[in-house]
Amino acid sequence: MDLIIRNARLRHRDDLADIGIAGGRIAAIAPRMTDGAAKELDAAGRLTTPSFVEPHIHLDKALTAERARENPTNVFEESIAIMREVKRAYTVEDVADRATRVIHGLVGYGVTLIRSYVDVDTIVGLRALDGVLAARERCRHLARIELIAFPQEGIWCDPGTDELMRSAVERGADVVGGMPYAEMIERDSDRHIDFAFELARRFDRDVQMHVDETDDPGARTLHAYAVKAIQAGWHGRVTADHATALAAYDDSYAAKVIALVARARMSMVVLPTKLMRGGVRDKEPRRRGLTRVRELLAAGVNVAYGQDVIQDGFLPVFGTGDPLQVGFLLAFGAQFSSRASIETLYDMATVNGARIMRRPDYGLEVGAPADLVVVDAPSVQEAYRTQPPRLAVIHDGRVVARNGRVVEAG
Ligand SMILES: [Zn+2]
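Positions within a chain are numbered from 1, following the residues in the order the chain's sequence is written. Where local features are concerned, this predicted model is filtered to residues with pLDDT of at least 70; where side-chain atom pairs are given and counted, the filter is 80 or more; whole-chain, interface and lining totals use all residues. Processing note: side-chain calculations cover all non-hydrogen atoms of the structure and skip hydrogens and water entirely.

Novice: Sorry, what's going on with the coordination of the zinc ion here?
Specialist: By definition of the ideal shapes, four donors in a tetrahedron about a metal sit 109.5 degrees apart, and six donors in an octahedron sit 90 or 180 degrees apart. Coordination shells were defined by N, O and S atoms within 2.8 Å of each metal, extended to 3.2 Å for Na, K and Ca; water is absent from the atom set, which can make sites look incomplete. Protein-derived coordination of the zinc ion comes from His56 (NE2), His58 (NE2), His210 (NE2) and Asp308 (OD), at a distance range of 2.1 to 2.2 Å. Sites are called tetrahedral only when four donors show all angles between 85 and 135 degrees, square planar or octahedral only when four or six donors show opposite pairs over 155 degrees and all other angles between 65 and 115, and irregular in any remaining case. Between the four donor atoms coordinating the zinc ion, the angles at the centre fall across 85 to 171°, so the site counts as irregular. The motif formed by the donor residues of the zinc ion, counted along the single chain, is H-x1-H-x151-H-x97-D. Linking His56 in strand S6 (residues 52–58) with Asp308 in the loop between strand S13 (303–305) and helix H10 (323–333), this pair joins segments that are 252 residues apart in sequence. Working definition: helices are DSSP H or I runs of at least four residues, strands are E runs of at least two. Numbering for both runs from the N terminus.

And the structure:
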């Protein structure tokens, strides 16, 4: 064994276990392992699970708040305009530095699987992508990172973006992104979705989009996206993020769309930092900016949650990247009050995210990749309640962070 974690408290198991790691994989799990190892780590009865998954973050935008003007109305379209000003000044090095800082932070919180959107449009061209690609290279020993080419400004209302999207995928973006609601008219939203699937088919890629990120009950792009996924045969390779309009639909139309989402085996990502802006045009009571999380889960849809934004023009003050903080927000926003629902919440931050990233061998079992986190809490419930430090984070069988900080020599 290269590493043994002793006295680990695993989920759904009463006794403590030792976890033996060899060659970057989990080699054994036993109540008490008698062999020694080159390195040992005593978890001392603390919660030990597969590492967290961050399925939706914007590494290119993070940590730009200090250069962004204020948005006194907090209206979404104004934040997009603010970020247009900010990203005009991006350099590859600037993006790479900020993204690297955020990745280090995420790893400290126990995240070792990351999917990040990266803006691709006629304002930034491929600079944001090149910056995040450089950060990914610098951090390749810390985490597995996939990038989503993201046409934040729309494709048909920002002419030239279609060519840039193709170039982005050729240059290293792993996933085809989209934002069909950004288009000016529904016909173009449909063409936007069609374009994404053509690109996905040509390069054999998954699709993940920002969908209906609005309180507008007339938004229809989740419906169109799910139907297109079914028609294209892209079942299980599609993810829809936000879909907040779903919460604004009447119940019968919402049920129809959820059934199509389930039929497409489409995953969903809910972003609770959106609580800061949900129902921003409402008087009172305000909508919460969350999709129908509990109904989607009840329909068997794979739902994960993510951070989305960290101190940028969308969320200038808050955001850490800690999945326990984000889950805490979601628990209140979606009213996860029972102990059982808190276990579901932890699944959303781990296994459900891994399913989006299509890592079938992810988990805490023999043969799985040794990507683990030791949380300084005795249980999942206490982890969310107290959001304690992560005592150790393991990636590819090596300790990459201790007590919240990346350690370069594992
Ligand atoms: Zn986002």
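Novice: Looking at this structure, I do not really get unusual backbone geometry. What am I missing?
Specialist: The omega torsion of the bond from Glu284 to Pro285 falls at -5°, within 30 degrees of zero and hence cis. Structurally, Pro285 can be placed in the loop between strand S12 (267–270) and helix H9 (293–298). For His12, which is not glycine, the phi dihedral falls at a positive 60°. Of note, His12 is situated in the loop between strand S1 (3–8) and strand S2 (17–22).

Novice: I tried to follow the packing of helix H4 (residues 161–171) against helix H5 (residues 186–203) on my own but got confused; where do I start?
Specialist: To characterise two packed helices, one gives the angle between the axes of the helices and the distance between these axes. Axis definition: a line fit to C-alpha positions, over the contact stretch in the case of helices; interaxial angles, taken between N-to-C directions, run 0 to 180 degrees. Running from N to C, H4 and H5 point in directions that differ by 30°, and their axes come no closer than 11 Å. Taken together, the axes of H4 and H5 lie roughly parallel to each other. For the element pair H4 and H5, the recorded crossing hand is right-handed. Along its contact with H4, which presents Asp162, Met165, Arg166, Val169 and Glu170, the element H5 presents Phe195, Leu199, Arg202 and Phe203. Under the grouping applied here, Gly and all other residues not named as nonpolar or charged are polar, the nonpolar ones being Ala, Val, Leu, Ile, Met, Phe, Trp, Tyr, Cys and Pro and the charged ones Asp, Glu, Lys and Arg. Across the contact of H4 with H5, the residue classes tally to five nonpolar, no polar and four charged. Any angle that falls under 35 degrees is termed roughly parallel, while one over 145 is termed roughly antiparallel, one within 65 to 115 roughly perpendicular, and all others oblique. Rotating anticlockwise by less than a right angle from the far helix to the near helix defines a left-handed crossing, while the corresponding clockwise rotation defines a right-handed one. In this description, contact between two residues means that some pair of their heavy atoms is separated by no more than 4.5 Å.

Novice: In this structure, what is going on with the sheet that holds strand S3 (residues 25–30)? I would like to understand it.
Specialist: For sheets, the rule is that strands pair by backbone hydrogen bonds, running either parallel or antiparallel. Read across the sheet, four strands follow the order S3-S2-S1-S4 without closing on themselves; strand pairing throughout is mixed. In the strand order of this sheet, the two ends are held by S3 and strand S4 (39–42), each with one partner. On average, adjacent strands in this sheet sit at an angle of 20° to one another, irrespective of strand direction. As paired strands, S2 and S3 are joined by five bridges and run antiparallel to one another. Residue pairing across strands places Gly20 opposite Ala28, the latter belonging to S3. We call two strands paired when DSSP finds no fewer than two bridges between them.

Novice: Is there a simple way to think about helix H8 (residues 251–263) in this case?
Specialist: Between its first and last C-alpha atoms H8 spans 18 Å; for 13 residues at 1.5 Å apiece the expected length is 18 Å, and the two agree. Each residue's exposure class comes from its accessible area (1.4 Å probe, protein chains only) as a fraction of the maximum for that residue type: buried when under 20%, exposed when over 50%, partly exposed otherwise. Along H8, the residues that are buried comprise Tyr253, Ala254, Val257, Ile258, Leu260 and Val261. With its buried residues spanning 160° around the axis, H8 presents them on a single face. In H8, the exposed residues that point more than 90 degrees away from the buried face are Asp251, Ser252 and Arg263. Taken together, the buried residues of H8 touch helix H6 (221–232), helix H7 (245–248), S12 and H9. Expected helix span is computed as 1.5 Å times (number of residues minus one). As used here, the arc is the angular range of directions from the helix axis to the C-beta atoms.

Novice: Explain the packing of H10 against helix H11 (residues 339–349) here, please?
Specialist: Put simply, H10 and H11 touch, their axes get as near as 10 Å, and they point 135° apart. Comparing their axes, H11 and H10 come out oblique. Between H10 and H11 lies a crossing whose hand is right-handed. Along its contact with H10, which presents Pro323, Leu324, Gly327, Leu330 and Ala331, the element H11 presents Ile342, Leu345, Tyr346, Met348 and Ala349. In terms of residue class, the contact of H10 with H11 is made up of nine nonpolar, one polar and no charged.

Novice: Sorry, what's going on with helix H3 (residues 127–138) here?
Specialist: Its twelve residues give H3 an end-to-end C-alpha distance of 17 Å, which sits within 8% of 16 Å, the value for a rise of 1.5 Å per residue. Within the span of H3, buried status applies to Ala128, Leu129, Gly131, Val132, Leu133, Ala135 and Arg136. Buried residues along H3 sit against helix H2 (92–108), strand S7 (111–119), strand S8 (144–150) and H4.

Novice: Can you walk me through the pairing of strand S16 (residues 398–402) in this structure?
Specialist: Across a regular strand the side chains alternate sides, sitting on one face of the sheet and then on the other. Looking at chain direction, strand S15 (residues 390–395) and S16 are connected through four bridges and run antiparallel. Bridge pairing in S16 links Ile394 to Val399. The loop that links S15 with its antiparallel partner S16 comprises two residues; one of these, Asp396, has a positive phi angle of about 55°. Bridge count between S16 and strand S17 (residues 405–406): two bridges; the pairing is antiparallel. The partner of Arg402 across the bridge, within S17, is Arg405.

Distances and angles like these do not, on their own, reveal function.
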